[in-house]
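Understanding the architecture of this molecule
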Amino acid sequence: MNLPASQTSRPWSLARLVRGSTSRVAQLCLATLIGFFLTPFIVRSLGTEQYGIWALAYAFIGYYSLLDLGMSAAVFTHISYALGQDDREEAQRIYSTGLAIFGSVGLALALASVLLALGAGEFYHSRLIAGVILVVGLSTATTFPLRVHFGALNAGSHFDITSGLLMLTLVLRAAGTVIVLRLHHGVLGLALVCALAMMPTNILIVAAVKWRYPFLHVLRASFRRTTGKKLMKFGFPVIFGQLADRVRMQTDSVTVSFFIGLVALAHYNIATTLVLYYADGVQAIIGVLAPVLSMQQSVRDEAGVRRSILAGTRVGIAVSGFVLFAIIAWGHAFIQRWMGPAFTDAYPVLVILGCAVFVDASQGTAVNAFYATMNQKYYAILNGAEAAANLALSLVLARPLGMIGIAIGTLIPALVVRIFVQPFVVERCMGLAVREYWRVTLPTLARTALCLLLPLGITRLWLRPVWPSIFLVGAASTIVFALSIWGLEFRWFGADHLAGRLLPQRSPGVSAAD
């Protein structure tokens, strides 16, 4: 059913995509800055014992994310489809069924939190651990139904709203943390502050959904069996792919600690922390194309899907290429100033892992397209194959080459799968010929490299391992690169991919839903 004209707009406008991308990057930058300055303060204020309790609680609660079962991606994709087809009845069915599923999971997690808290009696400081686990666990459980609200807004490309609300939570949590720890309320006070900081966002996200989608009954949870089966069918391959991601991203730490030792793990984690910020940053920029791809697929605009993959890949190459340059050019000076000279042995690992993230992140739009076209099982297979090869190679290379060998074990499968295998799978699933893919992306790689020459000159002239130099060189290089890549790559060579031609080409009589 089509929406009335008064309730319609263009959810995939370029302006909205730019706002969404900018707000997602701003959210990531804010989270990074808060973590950078606040973590040492928390450690000093809590002391090692209470900080250990904090880390232990989150280690337990971190496993809750596995119970998502791929439903977040399923709800997001199917609501995007419904919006793309202007079918508000289907959107309501997906929304209410998702709310019922996540509400049930939230209740189960609340019960699990109570049981975990009761089971904390065997630990030292058992009452304190139990209290923290209970507060953090119940708080996390309440966020599960909200995944539907966030998914619905993002499905309509309202990333600026969701990112703004998440930034509000970050600011409230940071301010509350400083106040509570300065008043010496300890780790339990910190847990309560983190829970309370989420409450305004929890309320506002519901109001935002009702504002943007007045046709949705935002608090009505109603499980429909057919809709539930559709969501679960989509979600199961997703959870397999997510588990493979955990293997790719997290087993290196286990391998390092087992074969090399805990001291080496601390150094290796410096590199992994930085490259994870790298991956999240690139995804924040290109991830706004995910609902566009879903809407294009919903109206059978296969040519539009292919155009979007190429456009997003070009953006991904340019952005991730600059970040990889930053890692190579500034990484040593940054680690030396941030952590001290003793940690500079993490720099080669950082460069190798940065190359692995580059081949992953630059093709992130193709990954989003797997989900949008309901071919997520193929991505899960690709991810699983890369994860298995990653683990096997890292184990083989750990003893002879140490940390560098483990990093190489991550890089080689990424190169093979993402460069030599994934384009052929994309061709099979979405009809984007491998020859066309490389015809468009190879010149982008060359132009990105050309635009990095001036930042390289700036770096060689002025970079020193002190904060003013690092920040000034970084800012100047970013501005120079951004201006040159926009002019050379996107203005002179195909800005149409980022404007009108990116948008879905609808069949006659089909309108856009908001």
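See the structure above.
Reference entry: report on the structure contained in this document. These numbers come from a predicted model, not from an experiment.

With 55 residues, helix α14 (residues 376-430) should cover 81 Å at 1.5 Å per step; its first-to-last C-alpha distance of 12 Å lies more than 12% under that length. At the C-terminal side of α14, G431 shows a positive phi close to 75°.

Quick look at the packing of helix α11 (residues 302-338) against helix α15 (residues 434-451) now. What describes two packed helices is the angle between their axes and the distance between those same axes. Between α11 and α15, whose axes approach to 10 Å, the crossing angle comes to 25°. When the axis of α11 is compared with that of α15, the two are roughly parallel. The interaxial crossing formed by α11 with α15 has right-handed handedness. Listed contacts from α15 to L310, T313, R314, I317, A318 and G321 of α11 are E436, Y437, V440, T441, T444, L445 and T448. Here the residues of the contact of α11 with α15 sort into 6 nonpolar, 5 polar and 2 charged.

Before going further, it helps to examine the packing of aromatic side chains. A complete count under the given rule lists 14 aromatic pairs for this structure. Ring geometry for F334 against W338: centres 5.5 Å apart, planes inclined by 45°, an arrangement best described as tilted. Here F334 pairs with W338, and both are found in helix α11, just 4 residues apart, close to one helical turn. Members of the aromatic cluster, each reached through a chain of ring pairs, are F234, F370, Y371 and Y379. For the cation-ring pair, R147 lies above F144, with the distance from its terminal atom to the ring centre recorded as 4.1 Å. Positioned above the aromatic ring of W211 is the side chain of R212, whose terminal nitrogen or guanidinium carbon lies 4.7 Å from the ring centre.

Before going further, it helps to spend a moment on the pattern of salt bridges. Applying the stated criterion across every chain, the model contains 8 salt bridges. In this structure, R314 and E489 form a salt bridge, with 2.8 Å as the shortest nitrogen-oxygen distance. With a gap of 175 residues between them, R314 in helix α11 and E489 in helix α17 (residues 467-491) connect regions that are remote in the sequence. An identical accessibility class is assigned to R314 and E489; each is buried.

Let us look at the environment of R173. Tracing the chain through its elements places R173 in helix α5 (residues 159-182). Taking the C-alpha atoms as reference points, R173 and C194, separated by 21 residues in sequence, lie 5.5 Å from one another.

Tracing the sequence through the fold places T201 in helix α7 (residues 199-212). When its relative accessible area of 3% is taken as the criterion, T201 is described as buried. Sequence-distant contacts of T201, that is, excluding residues within four places in its chain, are made with F150, L165, L168 and T169.

Turning to the environment of L382, a few remarks are in order. As for its placement among the helices and strands, L382 is situated in helix α14. Residues L382 and R418, 36 residues apart in the sequence, show an inter-C-alpha distance of 8.6 Å. If sequence neighbours within four positions are ignored, L382 has contacts with F370, V417, R418, V421, Q422 and V425.

Look at R300: it is not a glycine, yet its phi comes out positive at around 60°. Among the structural elements, R300 can be located in the loop between α10 (289-298) and α11. Judged by its relative accessible area of 53%, R300 is exposed. Despite not being glycine, M374 has its phi angle at roughly 65°, a positive value.

Turning next to the packing of α14 against α15. In contact at an axis separation of 9 Å, α14 and α15 are set at 120° when each is read in the N-to-C sense. By the angle between their directions, the pair α14 and α15 is classed as oblique. Where α14 approaches α15, its residues I419, P423, F424 and E427 are matched on the opposing element by V434, Y437 and W438.

As a further point, take a nonpolar patch on the surface. Together, L111, V114, L115, L118, L134 and L138 make up an exposed nonpolar region whose accessible area comes to about 530 Å². Among the secondary structure elements, those contributing two or more residues to the nonpolar patch are α3 (88-118) and α4 (126-155). For L134, the location among the structural elements is in helix α4.

All right, on to the nonpolar core then. Counting residues in each nonpolar core, the largest one holds 59 residues, and the members touching the most others are I79, Y95, Y213, L216, I309 and F370. Element by element, the count of residues in this core is highest for α3, at 9 residues. Residues M403, C451, I458 and F490 belong to the second largest nonpolar core, which totals 51 residues.

About the cut-offs
Residues numbered from 1 in each chain as written. Predicted model: local features only at pLDDT ≥ 70, side-chain atom pairs only at ≥ 80, totals over all residues. Heavy atoms only, no water. Helix = DSSP H or I, 4+ residues; strand = E, 2+ residues; numbered from the N terminus. Expected span 1.5 Å × (residues − 1). Axes fitted to C-alpha atoms, helices over the stretch in contact; angles between N-to-C directions. Parallel < 35°, antiparallel > 145°, perpendicular 65-115°, else oblique. Left-handed = near helix turned anticlockwise from the far one by under 90°. Contact = heavy atoms within 4.5 Å. Nonpolar A, V, L, I, M, F, W, Y, C, P; charged D, E, K, R; others polar. Phe/Tyr/Trp six-rings, centres within 6.5 Å; stacked < 30°, edge-to-face > 60°. Lys NZ or Arg CZ within 6 Å of the ring centre and 35° of its normal. Salt bridge = Lys/Arg side-chain N within 4 Å of Asp/Glu carboxyl O. Buried < 20%, exposed > 50% of the residue type's maximum accessible area, 1.4 Å probe, protein only. Patch = residues over 30% accessible without salt bridge, like charges linked within 9 Å, V, L, I, M, F, W, Y side chains within 5 Å. Areas by Shrake-Rupley, 256 points an atom, 1.4 Å probe, with all protein chains shown as cover. Core = buried A, V, L, I, M, F, W, Y, C linked by side-chain atoms within 4.5 Å.

Honestly, it's all geometry; don't read function into it.
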